Amino acid sequence: MVGRPRLVIIGAGIVGCALADELTARGWHDVTVLEQGPLFAAGGSSSHAPGLVFQTNPSRTMTRFAAYTVEKYAGLSLDGEPCFRQVGGLEVATTPERWDDLHRKLGWAESWGVEAELADAARCAEWWPELDRNQVLGGLYVPGDGLADAVRCGEAQARRAIGRGARFLERHRVVAIERRNGRVGGVTVESARGTSSIAADVVVCAAGFWGPAIGAMAGVTVPLLPLAHQYAKSGPVLRNGTGTAPILRHQDRDLYFREHGDRVGIGSYAHRPMPVRQDEIDPGTSVMPSVRAFTEKDFDPAWRDAVALLPALGRTKYEDGINGIFSFTPDGFPLIGEAPGLEGFWLAEAVWVTHSAGVARALAEVLVDGHASLDLHECELNRFEPVQLAPAYVAERGMRNFVEVYDVIHPLQPMESPRPMRTSPFHGRQRELGAYFLESAGWERPHWFEANLPLLEDSDVGPEAFESLLGVAQRGEWASRYWSPIAAAESLATREAVALYDMTPLKRIEVGGPGAASFLQYLTTNNVDKKPGSVTYTLLLDAGGGIRSDLTVARLAEERFQVGANGNLDLDWIARHAPANVYVRDITPGTCCVGVWGPRARELVQPLTDMDMSHEGFRYFTTKSGYVGHVPVTAMRVSYVGELGWELYTSADLGLKLWDTLWATGLPVAGGRAAFNSLRLEKGYRLWGVDMTPEHNPYEAGLAFAVRTDKDFLGRDALTEDVTRKLVPLLCAEVVMGKEPVRHAGRTVGYVTSAAYGHTIHRPIAYAWLPADLATPGTHVDISYFGRRVPAEVAAEPLFDPQMEKIRR
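**What to know about the overall build of the protein chain**
For step 1, the next point in the chain: Counting its secondary structure elements, the protein chain contains 20 helices and 42 strands.
For step 2, the next point in the chain: The C-alpha atoms of the protein chain give a radius of gyration of 28 Å, which matches the 28 Å a tight globule of 809 residues would have.
For step 3, the next point in the chain: Principal-axis analysis of the C-alpha atoms places the extent of the protein chain at approximately 80 × 65 × 50 Å.
For step 4, the next point in the chain: In the protein chain, buried positions account for 60% of the 809 residues.
For step 5, the next point in the chain: Of all intrachain contacts in the protein chain linking residues separated by at least 6 positions in sequence, the fraction that spans at least 24 positions is 71%.
For step 6, the next point in the chain: Summed over its atoms, the accessible surface of the protein chain is roughly 30300 Å², and 49% of this surface lies on carbon and sulfur atoms.
For step 7, the next point in the chain: Between the averaged position of the 81 positive side-chain charges in the protein chain and that of its 99 negative side-chain charges there is a distance of 2 Å.

**Side note on the environment of Leu-118**
For step 1, the next point in the chain: By the element assignment, Leu-118 lies in strand β8 (residues 117-119).
For step 2, the next point in the chain: Distance in space between the C-alpha atoms of Leu-118 and Leu-102 is 7.8 Å, their sequence separation being 16 residues.
For step 3, the next point in the chain: Not counting residues up to four positions away in its chain, the partners in contact with Leu-118 are Trp-99, Leu-102, His-103, Leu-106, Gly-139 and Leu-140.

**What about the layout of surface pockets?**
For step 1, the next point in the chain: Of the volumes computed, that of the second largest pocket is approximately 970 Å³.
For step 2, the next point in the chain: Residue lining of the second largest pocket: 37 residues in total, with Glu-338, Trp-346, Val-366, Trp-573 and Arg-576 positioned closest to the centre.
For step 3, the next point in the chain: Broken down by element, the lining of the second largest pocket gets its largest block of residues, five residues, from helix α17 (residues 568-577).

**Here's the deal with the sheet that holds strand β10 (residues 146-148)**
The pairing of strands in a sheet comes from backbone hydrogen bonds and takes either a parallel or an antiparallel form.
For step 1, the next point in the chain: Spatial ordering of the open sheet is given by β3-β10-β6, a layout of three strands whose pairing is antiparallel. Only two strands of the sheet have a single neighbouring strand rather than two, namely β3 (52-53) and β6 (84-85).

**Examining the pattern of salt bridges**
For step 1, the next point in the chain: Under the defined criterion, the tally for this structure stands at 54 salt bridges.
For step 2, the next point in the chain: Its salt-bridge partner being Asp-298, residue Arg-272 comes within 3.0 Å of it at the nearest N-O pair. Of this pair, Arg-272 sits in the loop between β19 (263-268) and β20 (291-292) while Asp-298 sits in helix α8 (residues 296-309), and the two are 26 residues apart along the sequence.
For step 3, the next point in the chain: On the basis of relative accessibility, which here comes to 44%, the residue Arg-272 falls in the partly exposed class.
For step 4, the next point in the chain: The partner of Asp-279 in a salt bridge is Arg-277, and the shortest N-O contact between them spans 3.0 Å. The two residues Asp-279 and Arg-277 agree in class, both being exposed.
For step 5, the next point in the chain: Residues joined by salt bridges that share partners form a network here, namely Asp-21, Glu-22, Arg-26, Lys-72, Arg-160 and Arg-164.

**Brief notes about the pairing of strand β23 (residues 345-349)**
For step 1, the next point in the chain: With five of its five residues buried, β23 lies for the most part within the structure.
For step 2, the next point in the chain: Of the two faces of β23, the one lined by Phe-345, Leu-347 and Glu-349 and the one lined by Trp-346 and Ala-348 are each fully buried.
For step 3, the next point in the chain: Where strand β15 (residues 202-205) meets β23, three bridges bridge the pair, whose relative direction is parallel. Bridge pairing in β23 links Val-204 to Trp-346.

**Considerations on the nonpolar core**
For step 1, the next point in the chain: Leu-7, Ile-9, Phe-65, Tyr-73, Phe-168, Val-204 and Leu-367 are the most contacted members of the largest nonpolar core, which has 53 residues in total.
For step 2, the next point in the chain: Of all the secondary structure elements, the ones that give two or more residues to this core are β1 (7-10), α1 (14-25), β2 (31-35), α3 (60-73), α6 (150-163), β15, β23 and α9 (356-369).
For step 3, the next point in the chain: Apart from the residues within four sequence positions on either side, Val-204 is in contact with Leu-7, Val-8, Ile-9, Ile-10, Leu-19, Trp-346, Ala-348, Leu-363 and Leu-367.

**Considering the packing of aromatic side chains**
For step 1, the next point in the chain: Using the criterion set out here, one finds 29 aromatic pairs in the structure.
For step 2, the next point in the chain: Lying across the ring of Phe-54, Arg-249 places its NZ or CZ 4.0 Å from the centre.
For step 3, the next point in the chain: One Lys or Arg, Arg-361, reaches over the ring of Tyr-68 and ends 3.9 Å from the middle of that ring.

**Quick notes on the packing of α1 against α3**
For step 1, the next point in the chain: Relative orientation of the contacting elements α1 and α3 amounts to 75°, with a least axis distance of 14 Å. Judged on the interaxial angle alone, α3 and α1 are roughly perpendicular. On α3, the residues touching Ile-14, Ala-18, Asp-21 and Glu-22 of α1 are Tyr-68, Lys-72 and Tyr-73.

**Some remarks on the packing of α3 against α9**
For step 1, the next point in the chain: Close contact between α3 and α9 brings their axes to 6 Å; oriented N to C, the two are set at 105°. As the angle between them shows, α3 and α9 are arranged roughly perpendicular. Contact with α3, carried on its side by Phe-65, Tyr-68, Thr-69, Lys-72 and Tyr-73, involves Ser-356, Ala-357, Gly-358, Val-359, Arg-361 and Ala-362 of α9 and no other residues of that element.
For step 2, the next point in the chain: Grouping the constituent residues of the contact of α3 with α9 by class yields six nonpolar, three polar and two charged.

**Topic: the sheet that holds strand β41 (residues 780-785)**
For step 1, the next point in the chain: An order of β37-β40-β39-β38-β41-β42 is seen for the six strands of this closed barrel, with the pairing classed as antiparallel. Looking at each pair of strands side by side, their axes are set apart by 40° on average, direction ignored.
For step 2, the next point in the chain: Here helix α4 (residues 96-112) sits on the sheet in contact with β38 (741-744) and β39 (747-758), set at roughly 65° to β38.
For step 3, the next point in the chain: Packed on one face of the sheet, helix α20 (residues 673-683) meets β39 and β40 (763-771) and runs near 120° to β39.

**Looking at α20**
For step 1, the next point in the chain: Extensive coverage of α20 is indicated by the burial of 10 of its 11 residues.
For step 2, the next point in the chain: Among all positions of α20, only Arg-673, Ala-674, Ala-675, Phe-676, Ser-678, Leu-679, Arg-680, Leu-681, Glu-682 and Lys-683 are buried.
For step 3, the next point in the chain: Each element contacted by the buried residues of α20 is listed here: β25 (443-449), α15 (486-496), β26 (499-502), β32 (591-597), β39 and β40.
For step 4, the next point in the chain: Following α20 by one or two positions, Gly-684 has its phi on the positive side, about 80°.

**Looking at unusual backbone geometry**
For step 1, the next point in the chain: In this structure, Phe-40 follows Leu-39 across a cis peptide bond, with omega equal to 5°.
For step 2, the next point in the chain: Within the secondary structure layout, Phe-40 lies in the loop between β2 and α2 (45-48).
For step 3, the next point in the chain: Each neighbour pair has its own omega, and for Arg-419 with Pro-420 the value is -10°, a cis peptide bond.
For step 4, the next point in the chain: Following the sequence through the fold, Pro-420 ends up in the loop between α10 (391-403) and α11 (427-432).
For step 5, the next point in the chain: One non-glycine residue with positive phi stands out, namely Ala-745, at about 55°.

**So, α9**
For step 1, the next point in the chain: Between the first and last C-alpha of α9 there are 20 Å, a value that for 14 residues agrees with the 20 Å anticipated at 1.5 Å per step.
For step 2, the next point in the chain: Counted residue by residue, α9 has 11 buried out of 14 residues, so it is predominantly covered.
For step 3, the next point in the chain: Of the surrounding secondary structure, the elements contacted by the buried residues of α9 are β1, α1, α3, β15, β22 (335-338) and β23.

**Here we look at the environment of Gly-544**
For step 1, the next point in the chain: Looking at the element boundaries, Gly-544 is found in the loop between β28 (535-541) and β29 (547-557).
For step 2, the next point in the chain: Classification of Gly-544 as partly exposed rests on a relative accessible area of 29%.
For step 3, the next point in the chain: The residues touching Gly-544, leaving out its near neighbours within four places in the chain, are His-371 and Ala-718.

**Overview of the side chain of Ser-534**
For step 1, the next point in the chain: Mapping Ser-534 onto the fold places it in the loop between α16 (516-523) and β28.
For step 2, the next point in the chain: According to the relative accessible area criterion, Ser-534 is buried, its value standing at 10%.
For step 3, the next point in the chain: A polar contact is formed between the side chain of Ser-534 and the backbone oxygen of Lys-531, at a distance of 3.0 Å.
For step 4, the next point in the chain: Ignoring anything within four residues of it in the chain, the contact list for Ser-534 reads Val-553, Ala-554, Arg-555, Phe-621 and Thr-623.

**Quick word on the state of the cysteines**
For step 1, the next point in the chain: A complete count under the given rule lists zero disulfides for this structure.
For step 2, the next point in the chain: No disulfide involves Cys-153; its sulfur sits 4.8 Å from the nearest other cysteine sulfur, which is in Cys-83.
For step 3, the next point in the chain: Lacking any disulfide linkage, Cys-379 is separated from the closest cysteine sulfur, that of Cys-205, by 16 Å.

Procedures and definitions
Residues numbered from 1 in each chain as written. Predicted model: local features only at pLDDT ≥ 70, side-chain atom pairs only at ≥ 80, totals over all residues. Heavy atoms only, no water. Helix = DSSP H or I, 4+ residues; strand = E, 2+ residues; numbered from the N terminus. Rg over C-alpha atoms; globule rule 2.2 N^0.38 Å. Buried < 20%, exposed > 50% of the residue type's maximum accessible area, 1.4 Å probe, protein only. Contact = heavy atoms within 4.5 Å. Areas by Shrake-Rupley, 256 points an atom, 1.4 Å probe, with all protein chains shown as cover. Lys, Arg positive; Asp, Glu negative; His and termini not counted. Charge placed at Lys NZ, Arg CZ, Asp CG, Glu CD. 1 Å grid on protein atoms, 1.4 Å probe; cavity = no way out; pocket = protein on both sides within 12 Å on 5 of 7 lines; lining within 4 Å. Points joined across faces, edges and corners; volume = space filled by probe spheres on them. Pairing = 2+ DSSP bridges. Salt bridge = Lys/Arg side-chain N within 4 Å of Asp/Glu carboxyl O. Core = buried A, V, L, I, M, F, W, Y, C linked by side-chain atoms within 4.5 Å. Phe/Tyr/Trp six-rings, centres within 6.5 Å; stacked < 30°, edge-to-face > 60°. Lys NZ or Arg CZ within 6 Å of the ring centre and 35° of its normal. Axes fitted to C-alpha atoms, helices over the stretch in contact; angles between N-to-C directions. Parallel < 35°, antiparallel > 145°, perpendicular 65-115°, else oblique. Nonpolar A, V, L, I, M, F, W, Y, C, P; charged D, E, K, R; others polar. Expected span 1.5 Å × (residues − 1). Polar contact = N/O pair within 3.5 Å; in protein donor to acceptor, adjacent residues only side chain to side chain. Disulfide = S-S within 2.5 Å.

If you want it as structure tokens, here you go:
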């Protein structure tokens, strides 16, 4: 592609308009925005959106999307009138659980840089005099939140883009995506002038809930479910309806409110999910395709709850109700990125008004610069596994996300259905051992095993003492969900004996062919071009030097590598960059892995195998092939818990036999993810996507050892060893959960990433990002945990076995 590309955006809703503005501001002026309806109340979700912008979110990225949206729209005007009213946002709690959650949400706001405060019931009633203050325990107030007029915001941004050379064509309906040799070539449109073709090097689908239909034209699955959501207005009720009252959320009853002059707008998520099929939203059948007929019986319970919170509403009746359509995804995040299998076809889908400008800026950065300034991994289109793209899965999970949109959700809380989806060959044995399963990427993952309770009872510290020391008394009842003191017994068994960990859910990728070595050498930061039998820890960077992932690369043969990766995004990244003489294959579904770790690991494995498992015969970070009992395995001497041991890989059909062979020795216990997380934090092993993301570089993250600057690799030119922040371990007075703000000298200086109790060192651990000048061991800080001050101290890492004696014996 020579020069700046020709770009077509499908959809002139608020996202398409924002993207055109962001792109043209960066010098991409050959931008055509196609809208099947009229400009700018085009008939999509933007046309009926009530426009509430609440910034605070457990996701740092989503919060920063919203913060940029507020920043940008607060400066927008159209024909001399503002497009955004910064009236503030108020979330009230009517239950103790919600009040606790608002304390935690205040922590998120502080961590992510959003001004916020907690207020008592009396203060909440000052902002909303109609509140029944006897119901309200308190509220979270965010002065920067507000109301966006989505249509006006869209038009204002469109005018700016047009002023830089973009063109907007209304009533141009896309009927085909033109493809040539695996990349997009343009679009075919129907308009009053007939059918025509518009050439394009890049096509961005920002069609909202029509996204799946547009995607189908390109052969791309868009995992999005259109759902109807109810909104109505009260009759005249506000004495001083000045339009300055904060937007209001009553999440205990799935409600939100805003002023409309002397009336109150009421939105409800309390009703049944109402999915809408693509063929039911034909733009040619309605003036406002995004609005369905209002169903009063669904809204009546919500109205009663609204009257209970705002009794003055009882003097009126609701009116002007709509069932407005908008988009939900299986995990509640937007869909951003380039489609697999069709170069140049991009998506900006399932984006609400709240995040519209932030998403548009991020995508513009990726298109123009090759990388975004924010971590997008939660939102990238290709994050889903194939099983998660099934229409039934998208529908069920999308509807469940609708139901839970305002619920208090624990960070480990899984959806209960559809489960189980993906199970390892060890699943049956794990169930026999009383595994408590959670779910990730469709995989059932054991977090602890009830069969290990006797280990706790037989230890020097029994279960009651563990509960007192580590459990509900310290963590709190809600925070202790999805945790058991049995994890302590499994941790200690790993440190003192040997345990089996199911590592099957981790992504395994085979990279092979004549160019495999040179390809991986360029794509990753470390030296992977070693002799067969080597294993290397290395990183994937983006063009800006940010950490896209961390990998283990095992060279199994001269032209064949096995890559241990973090998920489907790594598979997509590697496959996109692979040259013609390299093949890339996901081998996860047909294989399995068990981690055998602990000081007795050699004692367990050596009698079962024909391989020499001695330290001299099987060095750390090397790999061999052989047999364990009757089972052919690939063994890698690596460890993510800081103990001697191996990962043993075999085909899925032989996985059960491998587990049974190891188990029959009577030596191991089964270990779950709760113990694994504690052990890895003691050793200082990072978890990509939590402890580090593309927003961080290797030097900041403490991973300089994985970077070889004497070779060329993707992202090398953007790296700098000068750092202003560092990822450091904290030893804390209490166990926290993650994402809490860290304070020093009365100001917020960072945030927690991962946290757990270190059962070996007998201290609560947290990892946190802090300014470099505060990253010195011995520095005292405070963590804000559910509104309480938790003292902590920066420590030197690793916290356990700093000389690596246990792992290399």
